[in-house]
Amino acid sequence: MKQGELVVRKSYGGDVIFRIDAIETQRAVLKGVDFRLLADSPIMDLLPVTEARPLQQQYSQMKVNESLRELARYRLAQREKQQADLGAHGAHSYFELPGKVLHLDGDPTYLRKSMALYGEFHVTAEGYHVAESQMMQALYRLLPRVQPDIVVITGHDGILKHLKERDVNSLSSYKNSHHFVNAIRMARQYERNRDALTVIAGACQSHFEALLQAGANFASSPARVLIHALDPACIAIKTAYTSVRQTVDIVDVIRNTVSGFEGVGGVETRGSYRIGLPKIKQPATI
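Residues numbered from 1 in each chain as written. Predicted model: local features only at pLDDT ≥ 70, side-chain atom pairs only at ≥ 80, totals over all residues. Heavy atoms only, no water.

A few words now on the overall build of the chain. Within the chain, the regular secondary structure consists of 8 helices and 13 strands. Relative to its length of 286 residues, the chain is compact, with a C-alpha radius of gyration of 20 Å against a globular reference of 19 Å. Each principal axis of the C-alpha atoms in the chain carries an extent, and together these give about 70 × 40 × 35 Å. For the chain, the proportion of its 286 residues judged to be buried stands at 49%. Within the chain, counting contacts between residues at least 6 apart in sequence, those at least 24 apart form 64% of the total. On the chain, roughly 14500 Å² of surface is accessible, and the fraction owed to carbon and sulfur atoms is 53%. Between the averaged position of the 35 positive side-chain charges in the chain and that of its 30 negative side-chain charges there is a distance of 4 Å. (Helix = DSSP H or I, 4+ residues; strand = E, 2+ residues; numbered from the N terminus. Rg over C-alpha atoms; globule rule 2.2 N^0.38 Å. Buried < 20%, exposed > 50% of the residue type's maximum accessible area, 1.4 Å probe, protein only. Contact = heavy atoms within 4.5 Å. Areas by Shrake-Rupley, 256 points an atom, 1.4 Å probe, with all protein chains shown as cover. Lys, Arg positive; Asp, Glu negative; His and termini not counted. Charge placed at Lys NZ, Arg CZ, Asp CG, Glu CD.)

Attention now goes to the packing of helix α3 (residues 135-146) against helix α4 (residues 177-190). Between α3 and α4, the shortest axis-to-axis distance is 8 Å and the interhelical angle comes to 25°. Looking at the two axes, α3 sits roughly parallel to α4. Crossing hand, α3 versus α4: right-handed. Along the contact surface, α3 presents Met 135, Met 136, Leu 139, Tyr 140, Leu 143 and Pro 144, while α4 presents Phe 180, Asn 182, Ala 183, Met 186, Ala 187 and Tyr 190. A breakdown of the residues in the contact of α3 with α4 according to their chemical character gives 11 nonpolar, 1 polar and no charged. (Axes fitted to C-alpha atoms, helices over the stretch in contact; angles between N-to-C directions. Parallel < 35°, antiparallel > 145°, perpendicular 65-115°, else oblique. Left-handed = near helix turned anticlockwise from the far one by under 90°. Nonpolar A, V, L, I, M, F, W, Y, C, P; charged D, E, K, R; others polar.)

Shape descriptors only; they carry no functional weight alone.
As C-alpha coordinates, then:
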(Lines give C-alpha, C1' and ligand atoms only; values in the text may rest on other atoms or scores of the structure.)
Protein backbone atom coordinates (compact mmCIF):
# COMPACT_ATOMS: atom_id res chain seq x y z
CA MET A 1 0.00 0.00 0.00
CA LYS A 2 1.25 3.49 -0.85
CA GLN A 3 0.06 7.08 -0.76
CA GLY A 4 -2.35 7.93 -3.59
CA GLU A 5 -3.50 4.34 -4.13
CA LEU A 6 -7.23 3.60 -4.49
CA VAL A 7 -8.53 1.18 -1.86
CA VAL A 8 -11.66 -0.13 -0.15
CA ARG A 9 -12.15 -1.36 3.42
CA LYS A 10 -12.81 -5.08 3.87
CA SER A 11 -14.62 -4.59 7.20
CA TYR A 12 -17.19 -2.31 5.51
CA GLY A 13 -17.75 -4.60 2.54
CA GLY A 14 -15.93 -2.27 0.13
CA ASP A 15 -18.83 0.21 0.18
CA VAL A 16 -16.75 3.36 -0.46
CA ILE A 17 -13.70 3.91 -2.63
CA PHE A 18 -10.91 5.85 -0.94
CA ARG A 19 -7.59 7.31 -1.87
CA ILE A 20 -4.77 6.83 0.65
CA ASP A 21 -3.89 10.33 1.83
CA ALA A 22 -1.14 9.35 4.29
CA ILE A 23 0.31 6.29 5.98
CA GLU A 24 1.05 6.47 9.69
CA THR A 25 2.79 3.36 11.07
CA GLN A 26 0.29 0.55 10.42
CA ARG A 27 -2.72 2.79 9.73
CA ALA A 28 -3.77 4.76 6.66
CA VAL A 29 -5.57 8.10 6.49
CA LEU A 30 -8.25 7.82 3.80
CA LYS A 31 -10.22 10.37 1.78
CA GLY A 32 -13.27 9.40 -0.24
CA VAL A 33 -12.94 9.62 -4.03
CA ASP A 34 -16.57 10.52 -4.75
CA PHE A 35 -17.81 11.21 -1.23
CA ARG A 36 -16.64 13.81 1.29
CA LEU A 37 -15.65 11.24 3.92
CA LEU A 38 -12.49 11.32 6.04
CA ALA A 39 -11.55 8.01 7.65
CA ASP A 40 -8.64 5.97 8.92
CA SER A 41 -8.10 2.25 8.78
CA PRO A 42 -5.57 -0.44 9.63
CA ILE A 43 -3.56 -1.19 6.50
CA MET A 44 -4.44 -4.89 6.91
CA ASP A 45 -8.13 -3.97 6.39
CA LEU A 46 -7.52 -2.39 2.98
CA LEU A 47 -7.87 -3.93 -0.47
CA PRO A 48 -6.57 -2.27 -3.64
CA VAL A 49 -9.12 -1.28 -6.29
CA THR A 50 -8.30 -3.27 -9.40
CA GLU A 51 -11.09 -2.29 -11.80
CA ALA A 52 -10.58 0.77 -14.02
CA ARG A 53 -14.04 2.09 -13.09
CA PRO A 54 -15.62 0.16 -10.22
CA LEU A 55 -19.40 -0.23 -10.13
CA GLN A 56 -19.65 2.23 -7.20
CA GLN A 57 -18.01 4.94 -9.29
CA GLN A 58 -20.14 4.18 -12.33
CA TYR A 59 -23.34 4.45 -10.28
CA SER A 60 -22.13 7.65 -8.60
CA GLN A 61 -21.32 9.21 -11.97
CA MET A 62 -24.77 8.33 -13.28
CA LYS A 63 -26.34 10.19 -10.33
CA VAL A 64 -24.07 13.20 -10.90
CA ASN A 65 -24.97 13.32 -14.60
CA GLU A 66 -28.64 13.22 -13.67
CA SER A 67 -28.18 16.16 -11.27
CA LEU A 68 -26.33 18.18 -13.89
CA ARG A 69 -28.98 17.49 -16.53
CA GLU A 70 -31.61 18.78 -14.12
CA LEU A 71 -29.61 21.96 -13.55
CA ALA A 72 -29.32 22.45 -17.32
CA ARG A 73 -33.06 21.92 -17.77
CA TYR A 74 -33.75 24.48 -15.04
CA ARG A 75 -31.53 27.06 -16.77
CA LEU A 76 -33.26 26.46 -20.12
CA ALA A 77 -36.73 26.85 -18.62
CA GLN A 78 -35.58 29.98 -16.80
CA ARG A 79 -34.31 31.60 -20.02
CA GLU A 80 -37.52 30.78 -21.87
CA LYS A 81 -39.62 32.34 -19.10
CA GLN A 82 -37.48 35.48 -19.06
CA GLN A 83 -37.80 35.93 -22.80
CA ALA A 84 -41.56 35.53 -22.58
CA ASP A 85 -41.80 38.01 -19.70
CA LEU A 86 -39.59 40.63 -21.37
CA GLY A 87 -41.29 40.49 -24.76
CA ALA A 88 -39.79 40.59 -28.26
CA HIS A 89 -37.49 43.57 -27.64
CA GLY A 90 -36.36 42.83 -24.09
CA ALA A 91 -35.59 39.18 -24.78
CA HIS A 92 -32.54 40.17 -26.81
CA SER A 93 -31.31 43.08 -24.70
CA TYR A 94 -31.00 41.90 -21.10
CA PHE A 95 -27.93 40.75 -19.19
CA GLU A 96 -27.64 38.25 -16.35
CA LEU A 97 -26.09 38.59 -12.90
CA PRO A 98 -26.10 35.19 -11.17
CA GLY A 99 -24.98 35.12 -7.54
CA LYS A 100 -21.25 35.17 -6.82
CA VAL A 101 -19.81 32.19 -4.93
CA LEU A 102 -16.94 31.96 -2.45
CA HIS A 103 -16.03 28.27 -2.13
CA LEU A 104 -13.76 27.01 0.67
CA ASP A 105 -12.81 23.36 0.37
CA GLY A 106 -10.68 21.10 2.54
CA ASP A 107 -9.92 18.88 -0.45
CA PRO A 108 -7.99 20.26 -3.45
CA THR A 109 -9.33 17.63 -5.86
CA TYR A 110 -12.96 18.34 -4.95
CA LEU A 111 -12.23 22.06 -5.18
CA ARG A 112 -10.97 21.70 -8.76
CA LYS A 113 -14.06 19.68 -9.71
CA SER A 114 -16.36 22.24 -8.09
CA MET A 115 -14.65 25.17 -9.79
CA ALA A 116 -14.95 23.41 -13.16
CA LEU A 117 -18.68 22.97 -12.51
CA TYR A 118 -19.13 26.67 -11.70
CA GLY A 119 -17.33 27.49 -14.93
CA GLU A 120 -19.54 25.13 -16.92
CA PHE A 121 -22.64 26.97 -15.66
CA HIS A 122 -21.06 30.45 -15.97
CA VAL A 123 -21.27 31.21 -12.25
CA THR A 124 -18.65 33.65 -10.98
CA ALA A 125 -16.76 31.87 -8.22
CA GLU A 126 -13.58 32.17 -6.20
CA GLY A 127 -12.30 28.93 -4.72
CA TYR A 128 -9.68 28.28 -2.06
CA HIS A 129 -8.17 25.09 -0.67
CA VAL A 130 -8.25 25.64 3.09
CA ALA A 131 -7.87 23.11 5.91
CA GLU A 132 -11.13 22.76 7.81
CA SER A 133 -9.45 23.99 11.00
CA GLN A 134 -8.43 27.23 9.24
CA MET A 135 -11.73 28.09 7.54
CA MET A 136 -12.93 30.53 10.19
CA GLN A 137 -9.75 32.61 9.87
CA ALA A 138 -9.88 32.40 6.06
CA LEU A 139 -13.42 33.75 5.97
CA TYR A 140 -12.44 36.65 8.23
CA ARG A 141 -9.96 37.71 5.53
CA LEU A 142 -11.86 36.73 2.40
CA LEU A 143 -15.46 37.82 2.99
CA PRO A 144 -14.82 41.60 2.98
CA ARG A 145 -12.65 41.30 -0.13
CA VAL A 146 -14.71 38.87 -2.22
CA GLN A 147 -18.16 40.11 -1.10
CA PRO A 148 -19.99 36.97 -2.26
CA ASP A 149 -23.70 36.25 -2.39
CA ILE A 150 -23.12 32.56 -1.55
CA VAL A 151 -20.50 30.89 0.65
CA VAL A 152 -19.71 27.17 0.43
CA ILE A 153 -17.89 25.71 3.45
CA THR A 154 -17.00 22.09 2.86
CA GLY A 155 -14.27 19.47 2.88
CA HIS A 156 -14.18 16.19 4.80
CA ASP A 157 -15.98 15.07 7.92
CA GLY A 158 -17.14 11.91 9.65
CA ILE A 159 -18.39 10.47 12.94
CA LEU A 160 -15.60 9.23 15.18
CA LYS A 161 -15.49 5.47 15.71
CA HIS A 162 -16.71 3.48 18.71
CA LEU A 163 -19.30 6.03 19.83
CA LYS A 164 -22.54 5.23 21.56
CA GLU A 165 -25.69 6.35 19.76
CA ARG A 166 -26.36 9.15 22.27
CA ASP A 167 -22.92 10.64 21.53
CA VAL A 168 -23.94 11.49 17.96
CA ASN A 169 -25.59 14.67 19.27
CA SER A 170 -22.26 16.00 20.56
CA LEU A 171 -20.06 18.11 18.28
CA SER A 172 -17.01 16.45 19.80
CA SER A 173 -18.10 13.20 18.16
CA TYR A 174 -17.29 14.57 14.68
CA LYS A 175 -13.98 15.05 12.95
CA ASN A 176 -14.62 18.50 11.47
CA SER A 177 -18.19 19.62 12.24
CA HIS A 178 -16.99 21.97 15.00
CA HIS A 179 -14.68 23.67 12.47
CA PHE A 180 -17.61 24.12 10.08
CA VAL A 181 -19.70 25.60 12.92
CA ASN A 182 -16.96 28.13 13.71
CA ALA A 183 -16.70 29.09 10.03
CA ILE A 184 -20.47 29.57 9.74
CA ARG A 185 -20.48 31.79 12.82
CA MET A 186 -17.75 33.92 11.25
CA ALA A 187 -19.84 34.25 8.08
CA ARG A 188 -22.83 35.33 10.16
CA GLN A 189 -20.74 37.94 11.96
CA TYR A 190 -20.06 39.37 8.51
CA GLU A 191 -23.70 39.16 7.37
CA ARG A 192 -26.53 38.09 9.67
CA ASN A 193 -29.27 38.09 7.03
CA ARG A 194 -29.70 34.61 5.57
CA ASP A 195 -31.17 36.13 2.39
CA ALA A 196 -28.23 38.52 1.88
CA LEU A 197 -25.60 35.78 2.29
CA THR A 198 -26.46 32.15 1.60
CA VAL A 199 -24.27 29.69 3.54
CA ILE A 200 -23.95 26.08 2.34
CA ALA A 201 -21.94 23.98 4.78
CA GLY A 202 -20.90 20.47 5.72
CA ALA A 203 -19.48 17.24 4.39
CA CYS A 204 -20.06 13.52 4.98
CA GLN A 205 -21.96 12.72 8.20
CA SER A 206 -21.71 16.33 9.44
CA HIS A 207 -23.78 17.50 12.42
CA PHE A 208 -26.71 18.89 10.43
CA GLU A 209 -28.57 20.46 13.36
CA ALA A 210 -25.49 22.26 14.71
CA LEU A 211 -24.65 23.69 11.28
CA LEU A 212 -28.19 25.00 10.78
CA GLN A 213 -28.28 26.47 14.28
CA ALA A 214 -24.97 28.24 13.63
CA GLY A 215 -26.57 30.00 10.65
CA ALA A 216 -26.27 27.79 7.56
CA ASN A 217 -29.03 27.96 4.92
CA PHE A 218 -28.24 24.46 3.64
CA ALA A 219 -26.24 21.80 5.48
CA SER A 220 -25.40 18.13 5.69
CA SER A 221 -26.12 15.49 6.85
CA PRO A 222 -29.64 14.98 8.36
CA ALA A 223 -29.32 11.18 8.42
CA ARG A 224 -25.51 11.25 8.96
CA VAL A 225 -24.96 9.66 5.56
CA LEU A 226 -22.25 10.30 2.97
CA ILE A 227 -22.67 13.23 0.59
CA HIS A 228 -21.26 13.47 -2.90
CA ALA A 229 -18.31 15.75 -3.58
CA LEU A 230 -20.33 17.99 -5.92
CA ASP A 231 -23.53 18.29 -3.87
CA PRO A 232 -22.54 21.64 -2.23
CA ALA A 233 -21.64 23.16 -5.61
CA CYS A 234 -24.90 21.98 -7.19
CA ILE A 235 -26.90 23.70 -4.43
CA ALA A 236 -24.79 26.84 -4.86
CA ILE A 237 -25.46 26.93 -8.62
CA LYS A 238 -29.22 26.46 -8.16
CA THR A 239 -29.22 29.30 -5.60
CA ALA A 240 -27.12 31.51 -7.88
CA TYR A 241 -29.69 31.14 -10.66
CA THR A 242 -32.84 31.52 -8.55
CA SER A 243 -34.34 35.01 -8.87
CA VAL A 244 -34.00 37.46 -5.97
CA ARG A 245 -37.80 37.71 -6.21
CA GLN A 246 -38.21 34.02 -5.33
CA THR A 247 -37.11 31.53 -2.71
CA VAL A 248 -35.09 28.50 -3.74
CA ASP A 249 -37.34 25.47 -4.17
CA ILE A 250 -36.06 23.43 -1.21
CA VAL A 251 -37.67 20.18 -2.30
CA ASP A 252 -36.38 20.52 -5.85
CA VAL A 253 -32.81 21.51 -4.98
CA ILE A 254 -32.36 18.73 -2.39
CA ARG A 255 -34.09 16.06 -4.48
CA ASN A 256 -31.67 16.75 -7.32
CA THR A 257 -28.51 16.28 -5.28
CA VAL A 258 -26.81 12.89 -5.41
CA SER A 259 -27.32 12.43 -1.66
CA GLY A 260 -30.98 13.46 -1.52
CA PHE A 261 -32.97 14.24 1.63
CA GLU A 262 -30.90 11.99 3.88
CA GLY A 263 -27.73 13.82 2.91
CA VAL A 264 -28.77 17.49 2.67
CA GLY A 265 -31.36 19.76 4.27
CA GLY A 266 -32.04 23.46 4.59
CA VAL A 267 -34.37 26.38 5.21
CA GLU A 268 -36.28 28.75 2.94
CA THR A 269 -33.74 30.93 1.14
CA ARG A 270 -34.07 33.76 -1.33
CA GLY A 271 -32.21 33.40 -4.63
CA SER A 272 -29.45 35.77 -5.77
CA TYR A 273 -30.01 35.95 -9.55
CA ARG A 274 -30.78 39.29 -11.25
CA ILE A 275 -31.34 40.45 -14.79
CA GLY A 276 -30.59 43.94 -16.08
CA LEU A 277 -31.46 46.15 -19.04
CA PRO A 278 -30.16 47.12 -21.55
CA LYS A 279 -27.57 44.55 -22.46
CA ILE A 280 -24.00 45.64 -21.67
CA LYS A 281 -21.96 45.78 -24.88
CA GLN A 282 -18.57 46.08 -23.23
CA PRO A 283 -17.76 45.50 -19.55
CA ALA A 284 -16.22 48.39 -17.65
CA THR A 285 -12.53 48.30 -16.76
CA ILE A 286 -12.10 49.03 -13.04
